[in-house]
Amino acid sequence: MTVTLEVSAGVGTIRLDRPPMNALDVATQDRIKELAEEATRREDVRAVVVYGGEKVFAAGADIKEMQNMDHAAMVLRSRSLQDSFSAVARIPKPVVAAVTGYALGGGCELALCADYRIAADNAKLGQPEILLGLIPGAGGTQRLPRLIGPSKAKDLIFTGRMVKADEALAIGLVDRVVPAADVYTEAHAWAAKLAQGPAIALRAAKEAVDTGLETDLETGLAVERNWFAGLFATEDRERGMRSFVEEGPGKAKFL
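Residues numbered from 1 in each chain as written. Predicted model: local features only at pLDDT ≥ 70, side-chain atom pairs only at ≥ 80, totals over all residues. Heavy atoms only, no water.

Student: Run through the overall build of the protein chain, naming residues and quoting values.
Tutor: If you tally the helices and strands in the protein chain, you get 11 helices and 9 strands. What you see for the protein chain is a C-alpha radius of gyration of 19 Å, in line with the 18 Å of a compact globule of 255 residues. Its C-alpha atoms put the protein chain at 65 × 40 × 35 Å along the principal axes. A burial count over the protein chain gives 42% of its 255 residues as buried. If you take every contact in the protein chain between residues at least 6 apart in sequence, the share linking residues at least 24 apart comes to 70%. Carbon and sulfur atoms make up 56% of the accessible area of the protein chain, which totals about 13,300 Å². Here the protein chain holds 31 positive side-chain charges and 35 negative ones, and the gap between their average locations is 1 Å. (Helix = DSSP H or I, 4+ residues; strand = E, 2+ residues; numbered from the N terminus. Rg over C-alpha atoms; globule rule 2.2 N^0.38 Å. Buried < 20%, exposed > 50% of the residue type's maximum accessible area, 1.4 Å probe, protein only. Contact = heavy atoms within 4.5 Å. Areas by Shrake-Rupley, 256 points an atom, 1.4 Å probe, with all protein chains shown as cover. Lys, Arg positive; Asp, Glu negative; His and termini not counted. Charge placed at Lys NZ, Arg CZ, Asp CG, Glu CD.)

Below you can see the structure in the form of structure tokens.
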């Protein structure tokens with residue numbers, strides 16, 4: 001399999017494994033979608049790590065495969081391409097990308113679908129599609145400017161240049177930079193901590209933030225208000241408030 005899902009301690013790791021560069025061919029894209037939907041359904045998965053291995057996250061689409069596709073073929077394929085990545089973005093649980101080596105083109109777009117990005121100090125990220133006479137087609141023109149702002153996103157998309165980990169951190173493209181050997185460990189620890197949290201409240205928080213970014217303030221506030229009130233019907237809310245009153249903040253156990 002080019003992509004696998006391994007579950008441990010409430011954390012599901014979606015692992016890309018297509019040596020040498022984890023090129024994202026059609027089969028790999030479809031497999032990502034399949035496993036993202038599985039991670040969404042599975043109750044034993046409470047947080048997710050997206051990982052490409054120790055050497056490379058994903059160096060982009062399979063260019064040789066794409067070279068043989070004409071306009072008609074890509075019209076038929078482009079929605080499925082976007083849907084495979086959007087399936088990761090739609091996982092209603094905390095998702096962290098553990099980025100090692102190259103995360104270029106589709107690889108960068110896949111990392112953008114995570115809620116949080118931890119990068120190796122040797123990571124390089126970018127959207128080089130313009131160098132092929134193309135634009136990003138798996139969400140890069142939409143998710144990148146929402147994350148780092150339109151002018152910085154246009155710089156990367158217009159030039160196709162790669163940014164090293166330190167610049168990626170400075171512009172907000174990644175959230176933490178750690179030694180390459182520690183990337184997966186740190187990402188798994190981030191996910192494992194959240195896997196012990198209140199699952200429905202985490203889902204609510206993610207949906208409220210993501211929906212709010214896509215709509216106007218009043219609609220976003222309505223989404224927040226409905227989720228906030230709805231959480232008062234959950235056992236986790238009862239457990240969390242009881243623990244706060246009896247033991248003090250931050251000691252509630254939600255599993």
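Student: Mind laying out the pairing of strand β3 (residues 47–51), listing which residues take part and the relevant values?
Tutor: If a strand is regular, its side chains alternate between the two faces of the sheet. Within β3, 5 of the 5 residues are buried, leaving the element largely enclosed by the surrounding structure. Here strand β2 (residues 11–16) runs beside β3; their pairing, made up of 5 bridges, is parallel. In the strand pairing of β3, Thr13 is matched with Val49. Considered for its hand, the β-α-β crossover made up of β2, helix α1 (residues 26–41) and β3 is right-handed. Where β3 lies against strand β4 (residues 95–99), 4 bridges are found, and the strand directions are parallel. Each bridged residue has a counterpart across the sheet, and for Val50 the counterpart in β4 is Ala97. (Pairing = 2+ DSSP bridges. Right-handed = clockwise from strand over helix to strand, strands pointing away.)

Student: Could you give me a rundown of the packing of α1 against helix α3 (residues 71–89), with the residues and numbers involved?
Tutor: Two elements in contact, α1 and α3, have axes whose closest approach is 8 Å; the angle formed by their N-to-C orientations is 40°. Between α1 and α3, the crossing angle belongs to the class labelled oblique. As α1 runs across α3, the sense of the crossing is left-handed. Residue-level inspection shows Val26, Gln29, Asp30, Ile32, Lys33, Ala36 and Glu37 of α1 in contact with α3, the latter providing Arg77, Leu81, Asp83, Ser84, Phe85, Ala87 and Val88. Of the residues contributing to the contact of α1 with α3, the split by class is 7 nonpolar, 2 polar and 5 charged. (Axes fitted to C-alpha atoms, helices over the stretch in contact; angles between N-to-C directions. Parallel < 35°, antiparallel > 145°, perpendicular 65-115°, else oblique. Left-handed = near helix turned anticlockwise from the far one by under 90°. Nonpolar A, V, L, I, M, F, W, Y, C, P; charged D, E, K, R; others polar.)

Student: Any details on the environment of Arg77? Residues and values, ideally.
Tutor: Locating Arg77 in the fold gives a position in helix α3. Its relative accessible area of 13% is what places Arg77 among the buried residues. Those residues in contact with Arg77 that sit more than four places away from it in its chain are Val26, Gln29, Asp30 and Met69. A polar contact of 2.9 Å, which involves the side chain of Arg77, links it to the side chain of Gln29. Here the side chain of Arg77 touches Asp30 through a polar contact of 2.8 Å, side chain to side chain. (Polar contact = N/O pair within 3.5 Å; in protein donor to acceptor, adjacent residues only side chain to side chain.)

Student: I'd like a rundown of the sheet that holds strand β6 (residues 116–120), residues and numbers included.
Tutor: Pairing is mixed across the open sheet formed by 6 strands, whose spatial order is β1-β2-β3-β4-β6-β9. This sheet does not close on itself; its edge strands, each paired only once, are β1 (3–8) and β9 (176–178). With strand direction ignored, the average angle separating the axes of adjacent strands in the sheet is 20°.

Student: Kindly report on the packing of aromatic side chains, identifying the contributing residues and their values.
Tutor: Ring pairs (aromatic) are described by centroid distance and by the angle formed between their planes. For the structure shown, the criterion picks out 3 aromatic pairs. For the pair Tyr116 and Trp190, a centre-to-centre distance of 5.0 Å together with 5° between the ring planes defines the contact as stacked. Here Trp190 lies in helix α8 (residues 183–195) and Tyr116 lies in strand β6, a separation of 74 residues in the sequence. Judged by centre distance (5.5 Å) and plane angle (75°), the ring pair of Phe228 and Phe232 falls under edge-to-face. Given the relative accessible area of 56%, Phe228 is considered exposed. Judged by its relative accessible area of 38%, Phe232 is partly exposed. (Phe/Tyr/Trp six-rings, centres within 6.5 Å; stacked < 30°, edge-to-face > 60°.)

Student: Talk me through the nonpolar core; I want residue IDs and the actual numbers.
Tutor: In globular proteins that are soluble, nonpolar side chains generally tend to be buried together. Counting 43 residues, the largest nonpolar core has Phe57, Val88, Val99, Leu125 and Leu173 as its most contacted members. Residues in contact with Leu125, not counting those within four places in the same chain, are Val99, Ala103, Leu104, Cys108, Arg161, Met162, Val163, Ala168, Leu173 and Val174. Val49, Tyr51, Ala120 and Ala191 belong to the second-largest nonpolar core, a separate cluster that totals 14 residues. (Core = buried A, V, L, I, M, F, W, Y, C linked by side-chain atoms within 4.5 Å.)

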